[in-house]
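# Descriptive analysis of the structure
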Amino acid sequence: MTVLQVHGDTTRPDIESSWARSRLNGVRRDTLPPFDLVTRTSESNLARAANPVLRRVAGELEGTQVALVLTDHAGQLVDIHGAARSMRHAIGDLGLVPGVQLGEDRIGTNALGTPLETRRSLLVRADEHYLTVFRGFTCYGHPIFHPVTRRLEGVLGIGSKTGADYRLSSLLARRMVRDIEERLQRDSPRAQSRLMSAFQAAVGRRGRAVVVIGEGLVLATPAAVDLLEPADHAAVRACAESVPIGSQESHELALTSGREVRLVCTPIDGADGVLVDITQESVVRRGNSLSAHVPRWPLLVVGEAGTGRTTEAHNIAGPGAVTLDATDIVLAGESVWAAQLGEALWGNGPAVVVENIQLLSPQITALLAQRLRETTRNVVLTSTPGEHLDDIHAAVPALCNDRRELIPLRRRRHEVPGLAQQILTDVAGHTRTRFTAETMRILASQPWRGNLAELRRVVEVVAAVRSAGDIIPADLPASHRGGQAPGSPIREAEREVIMAAIEAAGGNKLQAARALGVSRSTLYNRIRALRIG
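What this report covers is the structure whose coordinates are included nearby. (Residues numbered from 1 in each chain as written. Predicted model: local features only at pLDDT ≥ 70, side-chain atom pairs only at ≥ 80, totals over all residues. Heavy atoms only, no water.)

A large share of strand E14 (residues 379–383) lies buried, amounting to five of its five residues. Here E14 shows a buried face lined by Val379, Leu381 and Ser383 and a second buried face lined by Val380 and Thr382. Both strand E11 (residues 299–302) and E14 contribute to a ladder of four bridges, which runs parallel. Across the sheet, residue valine 302 finds its bridge partner in E14, namely serine 383. In this structure, strand E13 (residues 352–355) lies alongside E14, joined through three bridges in parallel fashion. Bridge pairing in E14 places valine 354 opposite leucine 381. Each parallel crossover has a hand, and for E13 linked through helix H13 (residues 362–374) to E14 it is right-handed. (Buried < 20%, exposed > 50% of the residue type's maximum accessible area, 1.4 Å probe, protein only. Helix = DSSP H or I, 4+ residues; strand = E, 2+ residues; numbered from the N terminus. Pairing = 2+ DSSP bridges. Right-handed = clockwise from strand over helix to strand, strands pointing away.)

Their axes nearest at 11 Å, the elements helix H12 (residues 334–344) and H13 cross at an angle of 10 degrees. Taken together, the axis directions place H12 and H13 in an arrangement best described as roughly parallel. Counting all contacts with H12, which are made through Glu334, Trp337, Ala338, Leu341 and Gly342, the residues of H13 involved are Ile364, Leu367, Leu368 and Arg371. Looking at side-chain class alone, the contact of H12 with H13 contains six nonpolar, one polar and two charged residues. (Axes fitted to C-alpha atoms, helices over the stretch in contact; angles between N-to-C directions. Parallel < 35°, antiparallel > 145°, perpendicular 65-115°, else oblique. Contact = heavy atoms within 4.5 Å. Nonpolar A, V, L, I, M, F, W, Y, C, P; charged D, E, K, R; others polar.)

Turning next to the packing of aromatic side chains. Counted under the stated rule, the structure contains zero aromatic pairs. Over the ring of tryptophan 19 we find arginine 29; its NZ or CZ atom is 5.0 Å from the centre of that ring. (Phe/Tyr/Trp six-rings, centres within 6.5 Å; stacked < 30°, edge-to-face > 60°. Lys NZ or Arg CZ within 6 Å of the ring centre and 35° of its normal.)

This next bit is on the environment of glutamine 76. Tracing the sequence through the fold places glutamine 76 in the loop between strand E1 (66–72) and strand E2 (77–82). Taking the C-alpha atoms as reference points, glutamine 76 and glycine 113, separated by 37 residues in sequence, lie 9.2 Å from one another.

Quick look at the pairing of strand E7 (residues 217–220) now. Where burial is concerned, the two faces of E7 differ: the one with Leu217 and Leu219 is buried and the one with Val218 and Ala220 is not. The pairing of strand E6 (residues 209–214) with E7 spans four bridges and is classified as antiparallel. Bridge assignment links valine 211 to a residue of E7, and that residue is alanine 220.

With respect to the helices, strands and loops of the structure, arginine 29 is situated in the loop between helix H1 (13–24) and helix H2 (45–60). Given a relative accessible area of 28%, arginine 29 falls into the partly exposed group. C-alpha separation for the pair arginine 29 and histidine 129, spaced 100 residues apart in sequence, amounts to 9.1 Å. With residues up to four places along the chain from it excluded, the contact list for arginine 29 reads Trp19, Arg23, His129, Tyr130, Leu131, Thr132 and Arg135.

Here the focus is the pattern of salt bridges. Tallied over the entire structure, the rule returns 18 salt bridges. For arginine 56, the salt bridge identified is with aspartate 179, shortest N-O distance 2.9 Å. Highlighted residues: arginine 56 in helix H2 and aspartate 179 in helix H6 (residues 169–202), separated in sequence by 123 residues. A relative accessible area of 38% means that arginine 56 is categorised as partly exposed. Judged by its relative accessible area of 18%, aspartate 179 falls in the buried class. Among the salt bridges present, the one from glutamate 60 reaches arginine 175, with a minimum N-O distance of 3.5 Å. Of the two residues, glutamate 60 sits in helix H2 while arginine 175 sits in helix H6, which places them 115 residues apart along the sequence. What emerges from the salt-bridge pattern is a single network uniting Arg12, Arg125 and Glu128. (Salt bridge = Lys/Arg side-chain N within 4 Å of Asp/Glu carboxyl O.)

Attention now goes to the sheet that holds E14. The five strands are arranged E12-E13-E14-E11-E15 in an open sheet whose pairing can be described as parallel. The open sheet is flanked by strand E12 (322–325) and strand E15 (402–405), the only strands paired with a single partner. Adjacent strand axes in the sheet meet at a mean angle of 15 degrees, parallel and antiparallel pairs treated alike.

Mapped onto the secondary structure, threonine 307 falls in the loop between E11 and helix H10 (309–317). At 2.6 Å, the side chain of threonine 307 and the backbone oxygen of glutamate 304 are in polar contact. Not counting residues within four places of it along the chain, the set of residues in contact with threonine 307 comprises Leu406, Ile407, Pro408, Arg412, Asn451 and Leu452. (Polar contact = N/O pair within 3.5 Å; in protein donor to acceptor, adjacent residues only side chain to side chain.)

The strand order E2-E1-E5-E4-E3 describes an open sheet built from five strands, whose pairing is antiparallel. The open sheet is flanked by E2 and strand E3 (122–124), the only strands paired with a single partner. Strand-to-strand twist in this sheet, taken as the mean axis angle between neighbours without regard to direction, amounts to 20 degrees. Alignment of E1 against E2, held across five bridges, turns out to be antiparallel. Following the sheet pairing, threonine 71 is matched in E2 by leucine 77. The strands touched by helix H3 (residues 85–93) are E1, E2, strand E4 (137–145) and strand E5 (152–161); relative to E5, the strand with the most contacts, the crossing angle is about 120 degrees.

This is how it looks when you write it as C-alpha cells:
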C-alpha cells in the first residue's frame, strides 16, 4: 500500500508523477471534465460482487458527507452510493454519473483513475487533484484485484468534502475491498469449472494443441504452448474474441515461426469463454500472398488510408517502377502533371504506379483513361474505397483487369500482434525488445482507424522510450493503452456504416442522420453507445 506522507509544502512523489502524466496527456487544469457518457453493458461480475458491500456500508454512513464510488478496470464509473443530499448535489453538479470515464488520461490526477494507472492505493487531497473543479473534495482510492486471476477489476473510491476527517478512509476502503474480493472468489468457481470441463473434454487426444480463453483465465495444452509465441497468443485471443455468441468460426493464421495453422473457435456453453482447436497446415507461408500471384494489367489497389496501398503497389510493380502521385497536382498544376503522365506511359519501359486517383478531376480522369488504353506499360493504380469509383472515376476502374482490396486492420485484429513485433524489429534495428502478451492483447483490441500507418506511429513511440526488455502496457501511448474488447461483428458493421455516413456528410451529423434514415437523437445515442469519436 502507498505510504501517506504528511501534507506539507512538498508535493508527494505519487502526486508529482501523476501531474506529469496529466500534462503529457494534454489535460488542462481549468477546464470542465470532458465527460462522454458511455452506454453501460449488462451488470458485470465486479458490480454483482460490490453492490451488496456498497449498500451495506452506505447504510452505515447515511447522512454523512462521504460518498462511495466504484469504477471498472477501464475507468468507467459503475455506481455511486451513500452521501448526504448536499454531497450528492455537489457530485451531480460535476457530471459524475454512472457511465462517465474517469481515467487519469482524461481528467488528470484523481483517486480513481490514478490507482488504475499505478495499481496502488492513493489519497488525493483537495489541492492535489489536477482539475481545479475537483479541489473541493478529498478522496481515497483502493484497487480491486480478482483473487483468482490477480487481474485488476476496478477501484473503490471514498470521497468527502474538504474539511471532513479522511483518516479512516484507508481502513474502511481496505475492509470493503477485502469483502468485494471474497465475493469475487466465491462467484468465480462456477464459470471457471465449465471452462475447465470443456478444456479437459477437448484434450483427450495426446499432442493436441488446444487453448481455452475465458474471463481472466487461459488454459493451454503443452502442444499449444510449444507452438505459440507471445505474439501468437495475442493473435489467438483476437480471433477468439471475434466469435459471435452461439456460432463456430474458423480462421487461418500465420504464426511468428512461419507455420500456418487453422483455428477453430467454439464458444463454451454456460461460460464466457471460447475453446480454440489449433491444427497445423501442411504448407509454410512464403512472403506476401497478395503479391505472389501474377497480376493482370492494369491493376487497381483499393484500401483505406494507412492500409499499405503504396507498399502493395510497389511490390506488384517491381523494382525501378516510375511513380506519379495525384497529390502533386496541387503544387505542379494539372497541365504539368498531365504532361508527366503522358511521358511516363509513353513507349516501353518499367512499370508505372499512379497513386491516389481519388484526387483526380474529371478532366484528368478522362485523360488517364485514354492513356491506359494506349500504353504498353504495366500500370498499377491506387485509390481509397468509395462511391467515386462507380461515379466520377468509374472510367479508370473499368479499364483495370485486376483489383486488390486491402482489408482494414480492424477487420484482421489477429494479425496485429505479428505486425507490431515485425515493425518493432524494423524500427529498433534489433530484437532486444518485445511486446508482452498483455501488451499484444491491448494492441489487438484497438480500433486502428489509421490502419498500418497508425500502428507504425505507435510502435515508433514505444521504440523511442524502451530500448531493451519487455514492453508492458504502461509503455504504450496513453491514447492506445486502455484497450477495449472488440464488439460483435454486427456492432462493428454498424460503427463503420455510421462513420462512413458522417464522413460523407463532411462531419455534419444532421445530414448523416438524414442519409441513414434516423433521427438526430438516435444517431447521437448510437455514436455514444459505439464510442465513435
